[in-house]
Amino acid sequence: MINGAHVIIYTTDAEADRAFFRDVLEYPSVDAGYGWLIFKLPPAEVAMHPAEAASHELFLMCDNLEQTTADLSERGVEFVRPVERQPWGVLTAFRLPGGSEVGLYEPLHERAHDL
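On a predicted model such as this, the values are computed, not experimentally measured, just so you know.

### Some words on the pattern of salt bridges
Line of reasoning, step 1. Under the defined criterion, the tally for this structure stands at five salt bridges.
Line of reasoning, step 2. Between arginine 18 and glutamate 15 there is a salt bridge whose closest N-O contact spans 3.8 Å. With a gap of three residues between them, arginine 18 and glutamate 15 both fall in helix α1 (residues 14–24), about one helical turn apart.
Line of reasoning, step 3. The exposure class assigned to arginine 18 is buried, which follows from its relative accessible area of 15%.
Line of reasoning, step 4. Across the salt bridge formed by arginine 22 and aspartate 23, the nearest N and O atoms sit 2.8 Å from each other.
Line of reasoning, step 5. On the basis of relative accessible area, aspartate 23 is assigned to the partly exposed category, the value being 45%.
Line of reasoning, step 6. Within this structure, Glu57, Arg81 and Glu101 form a network of salt bridges that share partners.

### A word on the nonpolar core
Considering soluble globular proteins, one finds that nonpolar side chains tend to be buried as a cluster.
Line of reasoning, step 1. By size, the foremost hydrophobic cluster in this structure holds 16 residues, and its most contacted members are Phe20, Phe21, Leu25, Leu60, Phe94 and Leu104.
Line of reasoning, step 2. Among the elements that line this core, the one with the most residues is α1, at three residues.
Line of reasoning, step 3. The residues touching phenylalanine 20, leaving out its near neighbours within four places in the chain, are Leu25, Val77, Phe94, Leu96 and Pro97.

### Re the pairing of strand β5 (residues 89–95)
Line of reasoning, step 1. Within β5, six of the seven residues are buried, leaving the element largely enclosed by the surrounding structure.
Line of reasoning, step 2. With six bridges joining them, strand β4 (residues 78–86) and β5 adopt antiparallel strand pairing. In the strand pairing of β5, glutamate 84 is matched with leucine 91.
Line of reasoning, step 3. The loop that links β4 with its antiparallel partner β5 comprises two residues.
Line of reasoning, step 4. Taken together, the seven bridges between β5 and strand β6 (residues 101–107) define a ladder with antiparallel strand orientation. The residue bridging alanine 93 from the neighbouring strand is glycine 103, located in β6.
Line of reasoning, step 5. Counting the residues in the hairpin turn of β5 and β6 gives five residues, including glycine 99, whose phi is positive at 105°.

### Focus: the sheet that holds β5
Line of reasoning, step 1. Strand order in the open sheet made by the four strands is β3-β6-β5-β4, with mixed pairing throughout. Both edges of this open sheet fall to β3 (59–61) and β4, since each of them pairs with a single strand only. Between one strand axis and the next, the sheet turns through 25° on average, direction left out of account.
Line of reasoning, step 2. Direction of pairing for β3 relative to β6: parallel, over a ladder of three bridges. When the bridges of β6 are listed, methionine 61 appears paired with tyrosine 105.

Cut-offs used in this document
- Residues numbered from 1 in each chain as written.
- Predicted model: local features only at pLDDT ≥ 70, side-chain atom pairs only at ≥ 80, totals over all residues.
- Heavy atoms only, no water.
- Salt bridge = Lys/Arg side-chain N within 4 Å of Asp/Glu carboxyl O.
- Helix = DSSP H or I, 4+ residues; strand = E, 2+ residues; numbered from the N terminus.
- Buried < 20%, exposed > 50% of the residue type's maximum accessible area, 1.4 Å probe, protein only.
- Core = buried A, V, L, I, M, F, W, Y, C linked by side-chain atoms within 4.5 Å.
- Contact = heavy atoms within 4.5 Å.
- Pairing = 2+ DSSP bridges.
- Axes fitted to C-alpha atoms, helices over the stretch in contact; angles between N-to-C directions.

The following block contains the structure:
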C-alpha cells in the first residue's frame with residue numbers, strides 16, 4: 001500500500017534551500033529533471049496534535065541536540081528559536097536560506113520509525 005512520504009517545502013529561494021540540504025545537511029539526492037533535487041530524508045514519523053486550526057510542521061530529529069546545533073552553527077546555520085525542553089523532547093528551529101523555518105528535536109520518547 002503506502003510505502004513512503006514526500007515532503008514539499010514551498011520557498012522563495014528554492015535554489016538556495018536545495019544547496020542547503022545538499023551542502024550543509026549533506027543529504028543525498030536525485031535530480032528529478034531541470035535541477036529539481038529530491039532529497040533522501042532520514043526515517044520519518046507522523047503525529048497528530050490538537051490545534052485550533054489545521055497546519056503542518058517539519059521537524060528533523062537528531063540523537064544529541066546540543067552537539068547537532070553546535071555542528072550546524074559551525075556551518076553557518078541560523079537558529080531562530082531558543083532550545084526548549086518538553087516531556088517528549090528537546091527542540092529548537094533553524095531558518096533555511098529561503099526563509100522557511102524547520103524544527104529540530106531530540107526525542108525523549110521511543111521512536112516510531114524503529115518499529
